[in-house]
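# Overview (structure and organization)
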Amino acid sequence: MAPQIRKISGKFQNSKGSFIGSVELDPKTGLILSVQKNKVLQSSNEEELAFDPDKFTIFSGFGDIHVHAREDESGKHKYKEDFLSAGNAAINGGVIHIADMPNNPIPPTDDVTYSKKRELADHSPVRITLYAGIGPHTKPLKAHVPYKAFMGPSIGELFFYSNEQLEETIRHYKGCNISFHCEDPEILEKSQNETYHEDRRPAIAETLATDFALYLIEKYELVGKLCHYSTEEGLKKIIDARKRGVKVKCEVTPTHLYFDRTMLTDENRHWFQMNPPLRGPEDKHALLQGVKEGWIDFLATDHAPHSIEEKLKGTSGISQLDTYSLFVTWLHKTAGISLEKISEICAENPGDFVAEFLPKEYGKGFGKIEEGYCGSFTVLDFQTPTTFKKEDIKSKSGWSPFEGVTFPGSIASVIHLGKKVR
């Protein structure tokens, strides 16, 4: 078992800037006891870690709030991933908490199914927040949880066939925290005979669904989030809604920021099949600009660990939890996203999102380097490049769209609740 760390020092980064100092941790709880600026350790040992401030950047531990860990009480999809392997893949990617989606064979749509899945999730080496599912005729749980609504067909059966059916259900969830997968079911139905997956799920399916999701968020006073956003036109609608006071936030995936449709070939197309699909270069550039300007709130992978055999047969979804922090080094060094913004979308905002759903032992929660927060940190080296290889993968999926990619930085260390886990 890793020794309990009592103090960490070096260059710490948050959304306001960076500072050199030391953080003292409670050896019993792993929570932060104090933060001392301009005071650093001179050397390291098992209980005190000193990171060279000229080489390493210490963030509050990163969180990925959109992951498909696949495990439920049926056990049918554990061959793809389970809570243990998802947690190991998260740590491998520099992530210390994740939020898991509900589209399982037995979806968590009521207090009983949710509770059973909660017991399984607690076996993970990282904290897992669970979304409850919203489907036709479901009702809010007694437990205080976040929810996920699939507006159009995706992997699993938890979706709606029309906007009318969706609104009839959503009206029972007034004031709840709901994340939406925005794809209009009628557009998907009309486009199902197109040759390519990207055309069977066209951009207009996302933008029309965005209009309806924003309408629902505003009408039913929801705390809304739009998942894995992919289109320039839809992002404009989100910006307009936020300017008029609608409580809506949105995610973007590494794949939608790094790849685009022009990169697809007959040889690689199946690996990049996902919902929503890759869009054009103009959409990718607009999303990067949206990150820079603060309109996109979360870097979230939509980690969907299907097997290699399933991908070759055309199953939608991309495995990418293992590369979360390596991608962050590209985001900063190559795409020009500031370290302040990275702290915001990878640590602080994910921490804020899950804070109200955490048990007491996590103190004030994740995402901030302040007294009472979790002593969990992602330590990056932006100077030492890393080439990601297939053998580096911890996910059961065994594959990654970033195999062979050389990132401009590396992961130096991952610390979770005062223990060095990587």
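Residues numbered from 1 in each chain as written. Predicted model: local features only at pLDDT ≥ 70, side-chain atom pairs only at ≥ 80, totals over all residues. Heavy atoms only, no water.

You'll often see interface size given as the accessible area lost when the parts meet. Domain annotation of the protein identifies domain 1 (7-59 + 367-420) and domain 2 (61-361). Put simply, the middle of domain 1 and the middle of domain 2, counted by C-alpha atoms, are 26 Å apart. Of the residues lining the interface, 37 residues belong to domain 1; the matching set on domain 2 comes to 54 residues. Of the roughly 3600 Å² buried at the junction of domain 1 and domain 2 (both faces included), carbon and sulfur atoms supply 67%. Our count for the contact surface shared by domain 1 and domain 2 stands at two salt bridges. For Lys396, the salt bridge identified is with Asp82, shortest N-O distance 2.9 Å. For the pair domain 1 and domain 2, the interface holds 19 residue pairs in polar contact (both at pLDDT 80 or more). Among the elements of the structure, β1 (7-14), β15 (377-381) and β18 (410-416) are those that each provide at least two residues to the side of domain 1 that touches domain 2. Per element, the largest residue contribution to the side of domain 1 that touches domain 2 is five residues, and it comes from β18. Here the residues of the side of domain 1 that touches domain 2 are counted per class, giving 16 nonpolar, 15 polar and six charged. (Domains from an automatic or database assignment. Contact = heavy atoms within 4.5 Å. Buried area = accessible area lost by both parts, 1.4 Å probe. Salt bridge = Lys/Arg side-chain N within 4 Å of Asp/Glu carboxyl O. Polar contact = N/O pair within 3.5 Å; in protein donor to acceptor, adjacent residues only side chain to side chain. Helix = DSSP H or I, 4+ residues; strand = E, 2+ residues; numbered from the N terminus. Nonpolar A, V, L, I, M, F, W, Y, C, P; charged D, E, K, R; others polar.)

Further remarks concern unusual backbone geometry. With an omega dihedral of 0°, the bond running from Asn275 to Pro276 counts as a cis peptide bond. Turning to its location among the elements, Pro276 is positioned in the loop between α8 (254-258) and α9 (281-293). Positive phi, normally seen in glycine, also occurs at Leu417, with a value near 50°. With respect to the secondary-structure elements, Leu417 resides in the loop between β18 and β19 (419-420).

In this section: the sheet that holds strand β7 (residues 95-100). Pairing is parallel in the open sheet, where three strands are placed in the order β6-β7-β8. Each edge of the open sheet is held by one strand with a lone partner, namely β6 (62-67) and β8 (127-130). In this sheet, neighbouring strand axes are inclined to one another by 20° on average, regardless of whether the strands run parallel or antiparallel. Where β6 meets β7, four bridges bridge the pair, whose relative direction is parallel. When the sheet's bridge partners are listed, Phe62 is paired in β7 with Val95. Lying on the sheet, helix α1 (residues 83-92) is in contact with β7 and β8; it crosses β7 at an angle near 135°. Contacting β6, β7 and β8, helix α12 (residues 339-355) crosses the sheet at an angle of about 65° to β6. (Pairing = 2+ DSSP bridges. Axes fitted to C-alpha atoms, helices over the stretch in contact; angles between N-to-C directions.)

End to end, helix α7 (residues 232-243) covers 17 Å across twelve residues, agreeing with the expected 16 Å (1.5 Å per residue, within 8%). Looking only at α7, the buried set comprises Gly234, Leu235, Ile238, Ile239 and Ala241. Take α7 and look down its axis: the buried residues cluster within an arc of 165°, on one side only. The elements touched by buried residues of α7 are α6 (203-219), β12 (223-226), β13 (248-252) and α9. The opening residue of α7, the one whose side-chain oxygen lies 3.2 Å from the backbone nitrogen of Gly234, is Thr231. Positive backbone phi, approximately 100°, marks Gly245, located one or two places after α7. (Expected span 1.5 Å × (residues − 1). Buried < 20%, exposed > 50% of the residue type's maximum accessible area, 1.4 Å probe, protein only. Arc of directions from axis to C-beta.)

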